[in-house]
Amino acid sequence: MYGELTTPRRLFDALQLTREDTFVDLGSGRAQVVLAAAHLEDESAPDVSVGIELVQTRHEVAEKALHRCDDAVQARTRLICGDALAHDVSSCTKVFLCNATWG
């Protein structure tokens, strides 16, 4: 499907994620990458994994997926429905976006 990563672990390795990081995916869609980051259990697991999605229906699918996750993953995950440009991401240490909208 358009815009989806089939190997998010390669992304996480390239970003050198650690437990000190707050990871955010701008335009997170159904939150596959956000949830994959939150599911990491080794030293590369970020402290918090955030997804910001503009489209309400995609956000709702992401919320349903999150509610099927275990408590530990839910505790490390934040899903926001809104305009990524309107949210302060200054506290985030690793930011990912994969969308043709962004120049």
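Our structure's up above, just so we're on the same page.
Residues numbered from 1 in each chain as written. Predicted model: local features only at pLDDT ≥ 70, side-chain atom pairs only at ≥ 80, totals over all residues. Heavy atoms only, no water.

Novice: Is there a simple way to explain the overall build of the protein in this structure?
Specialist: When you go through the protein residue by residue, the secondary structure sums to four helices and four strands. Walking the protein from its N terminus toward its C terminus, one meets helices and strands in the order α-β-α-β-α-α-β-β. The contacts in the protein between residues at least 6 apart in sequence include a share of 76% that link residues at least 24 apart. By element, 53% of the accessible surface of the protein is carried by carbon and sulfur atoms, the whole surface being about 6,200 Å². (Helix = DSSP H or I, 4+ residues; strand = E, 2+ residues; numbered from the N terminus. Contact = heavy atoms within 4.5 Å. Areas by Shrake-Rupley, 256 points an atom, 1.4 Å probe, with all protein chains shown as cover.)

Novice: Which parts of the structure should I look at to understand unusual backbone geometry?
Specialist: Excluding glycine, residues mostly carry a negative phi; peptide bonds, for their part, are mostly trans. Here the phi dihedral of Q16 falls at roughly 55°; this positive angle occurs in a residue that is not glycine. Relative to the helices and strands, Q16 is located in the loop between helix 1 (8–15) and strand 1 (22–26). We classify Q16 as exposed; its relative accessible area is 59%. A positive phi angle, near 70°, is found at A31, a position not held by glycine. Among the secondary structure elements, A31 is positioned in the loop between strand 1 and helix 2 (32–39). (Buried < 20%, exposed > 50% of the residue type's maximum accessible area, 1.4 Å probe, protein only.)

Novice: Is there a simple way to explain the pattern of salt bridges in this structure?
Specialist: One side chain can pair with another of opposite charge once the charged atoms of both are near each other. Applying the stated rule across the entire model yields four salt bridges. Note that D42 and R9 form a salt bridge whose closest N and O atoms lie 2.9 Å from each other. A residue pair is termed long-range when its members are at least 10 positions apart, and D42 in the loop between helix 2 and strand 2 (48–53) and R9 in helix 1 qualify at 33 residues. For D42, a relative accessible area of 24% translates into the label partly exposed. By relative accessible area, R9 is classed as partly exposed at 33%. (Salt bridge = Lys/Arg side-chain N within 4 Å of Asp/Glu carboxyl O.)

Novice: Teacher, can you tell me more about the side chain of E53 here?
Specialist: Along the chain, E53 turns up in strand 2. We classify E53 as buried; its relative accessible area is 4%. Only 2.9 Å separates the side chain of E53 from the backbone nitrogen of V55, close enough to count as a polar contact. (Polar contact = N/O pair within 3.5 Å; in protein donor to acceptor, adjacent residues only side chain to side chain.)

Novice: How do you make sense of the sheet that holds strand 3 (residues 77–81) when you look at a structure like this?
Specialist: Strands belonging to one sheet form pairs held by backbone hydrogen bonds; the direction of such a pair is parallel or antiparallel. Read across the sheet, four strands follow the order 3-2-1-4 without closing on themselves; strand pairing throughout is parallel. The outermost strands of the open sheet, each flanked by one partner alone, are strand 3 and strand 4 (94–97). Within this sheet the neighbouring strands show an average axis-to-axis angle of 15°, counted without direction. Of the strand pairs in this sheet, strand 2 and strand 3 are connected by five bridges, and their pairing is parallel. Residue pairing in the sheet places I52 in a bridge with I80 of strand 3. (Pairing = 2+ DSSP bridges. Axes fitted to C-alpha atoms, helices over the stretch in contact; angles between N-to-C directions.)

The values are spatial; any link to function lies outside them.
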